[in-house]
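The primary structure of each chain is shown beneath.
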Amino acid sequence: MSEIIYCWRCRIDIPMLTEAEWATLSPHLTDTVERIKSYRRQHDCSLQEAIEKGLGDALNVYERLTGFRETNPNALWHHRRSIYGPLCPSCGKPFRTPQARFCGMCNAERLPDQSRDE
Ligand SMILES: [Zn+2]
Ligand SMILES: [Zn+2]
């Protein structure tokens, strides 16, 4: 199951994919430039529309996995739980990276036993 945690880039709480879910989604995020280009050739539409519809597969898969309708395919790249490290024991937001020593939000120090996550 995906886990809803704070996303540092989107600045909202959002479902982050587990590695198993990521394995399901990531094939839909390959060759994105080609997918967008070919959609645009076929439909003669704006770039924005081509991005949203040409990469609709990836958005649909993400929605099926999480129940959340994302509209920006580029955001899917970083909605992967494993890249954020454990949650801060103080504020509950994720440390920004698995290697981080301090919480990026409240500056709490990471405890040694907080590294168990994977
Ligand atoms: Zn995000
Ligand atoms: Zn914190």
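Up top is the structure.
In what follows, the accompanying structure is described. (Residues numbered from 1 in each chain as written. Chains lettered and ligands numbered in written order. Predicted model: local features only at pLDDT ≥ 70, side-chain atom pairs only at ≥ 80, totals over all residues. Heavy atoms only, no water.)

A word on the pattern of salt bridges
(1) Moving on: On inspection of all chains with the given rule, the structure shows five salt bridges.
(2) Moving on: Of the charged contacts, one joins Glu19 and Arg80 as a salt bridge, the two residues approaching to 2.7 Å between their closest N and O atoms. With Glu19 in helix α1 (residues 19–25) and Arg80 in the segment after α5 (73–76), this residue pair connects regions lying 61 residues apart in the sequence.
(3) Moving on: On the basis of relative accessible area, Glu19 is assigned to the partly exposed category, the value being 35%.
(4) Moving on: Here Glu63 makes a salt bridge to Arg69, at a shortest N to O gap of 3.1 Å.
(5) Moving on: Overall, Glu63 belongs to the partly exposed group, its relative accessible area being 31%. (Salt bridge = Lys/Arg side-chain N within 4 Å of Asp/Glu carboxyl O. Helix = DSSP H or I, 4+ residues; strand = E, 2+ residues; numbered from the N terminus. Buried < 20%, exposed > 50% of the residue type's maximum accessible area, 1.4 Å probe, protein only.)

Re the packing of aromatic side chains
(1) Moving on: Taken as a whole and judged by the stated rule, the model has two aromatic pairs.
(2) Moving on: Note that Lys93 overlies the ring of Tyr6, its terminal NZ or CZ placed 5.2 Å from the centroid. (Phe/Tyr/Trp six-rings, centres within 6.5 Å; stacked < 30°, edge-to-face > 60°. Lys NZ or Arg CZ within 6 Å of the ring centre and 35° of its normal.)

Considerations on the packing of helix α2 (residues 32–43) against helix α3 (residues 47–54)
(1) Moving on: Direction vectors running N to C along α2 and α3 enclose 115 degrees, while the axes themselves pass 8 Å from each other. Crossing angle aside, the handedness with which α2 passes α3 is right-handed. Residues Arg35, Ile36, Tyr39 and Arg40 of α2 touch α3, and the partners they reach there are Leu47, Glu49, Ala50, Ile51, Lys53 and Gly54.
(2) Moving on: Residues that form the contact of α2 with α3 fall into these classes: five nonpolar, one polar and four charged. (Axes fitted to C-alpha atoms, helices over the stretch in contact; angles between N-to-C directions. Left-handed = near helix turned anticlockwise from the far one by under 90°. Contact = heavy atoms within 4.5 Å. Nonpolar A, V, L, I, M, F, W, Y, C, P; charged D, E, K, R; others polar.)

Some details on the coordination of the zinc ion (ligand 2)
(1) Moving on: Looking at the zinc ion (ligand 2), the protein donor atoms are Cys88 (SG), Cys91 (SG), Cys103 (SG) and Cys106 (SG), and they sit 2.3 Å from it.
(2) Moving on: If you look at the zinc ion (ligand 2), its four donor atoms make angles of 104 to 114 degrees with each other, and the shape they trace is tetrahedral.
(3) Moving on: When the donors of the zinc ion (ligand 2) are listed by position in the chain, the intervening gaps give C-x2-C-x11-C-x2-C. (Donors = N, O, S within 2.8 Å, 3.2 Å for Na, K, Ca; no water. Tetrahedral: all angles 85-135°; square planar, octahedral: opposite > 155°, others 65-115°.)

A look at the coordination of the zinc ion (ligand 1)
Working reference: metal with six octahedral donors, ideal angles 90 or 180 degrees; metal with four tetrahedral donors, ideal angle 109.5 degrees.
(1) Moving on: On the protein side, the zinc ion (ligand 1) has Cys7 (SG), Cys10 (SG), His78 (NE2) and His79 (NE2) as donor atoms, found 2.0 to 2.2 Å from it.
(2) Moving on: Along the chain, the residues that donate to the zinc ion (ligand 1) are spaced as C-x2-C-x67-H-H. Of this pair, Cys7 sits in strand β1 (residues 3–7) while His78 sits in the segment after α5; the two residues are 71 residues apart in sequence, bridging distant segments of the chain. Side by side, Cys7 and His78 carry an identical accessibility label, which is buried.

Some remarks on α2
(1) Moving on: Between its first and last C-alpha atoms α2 spans 16 Å; for 12 residues at 1.5 Å apiece the expected length is 16 Å, and the two agree.
(2) Moving on: Along α2, the positions that sit buried rather than exposed are Thr32, Ile36 and Tyr39. Seen end-on, α2 carries its buried residues on one side only, within an arc spanning 65 degrees. Relative to its buried face, α2 has exposed residues pointing more than 90 degrees away, namely Val33, Arg41 and Gln42.
(3) Moving on: Downstream of α2 by a residue or two, Asp44 has a phi angle that is positive, lying close to 50 degrees. (Expected span 1.5 Å × (residues − 1). Arc of directions from axis to C-beta.)

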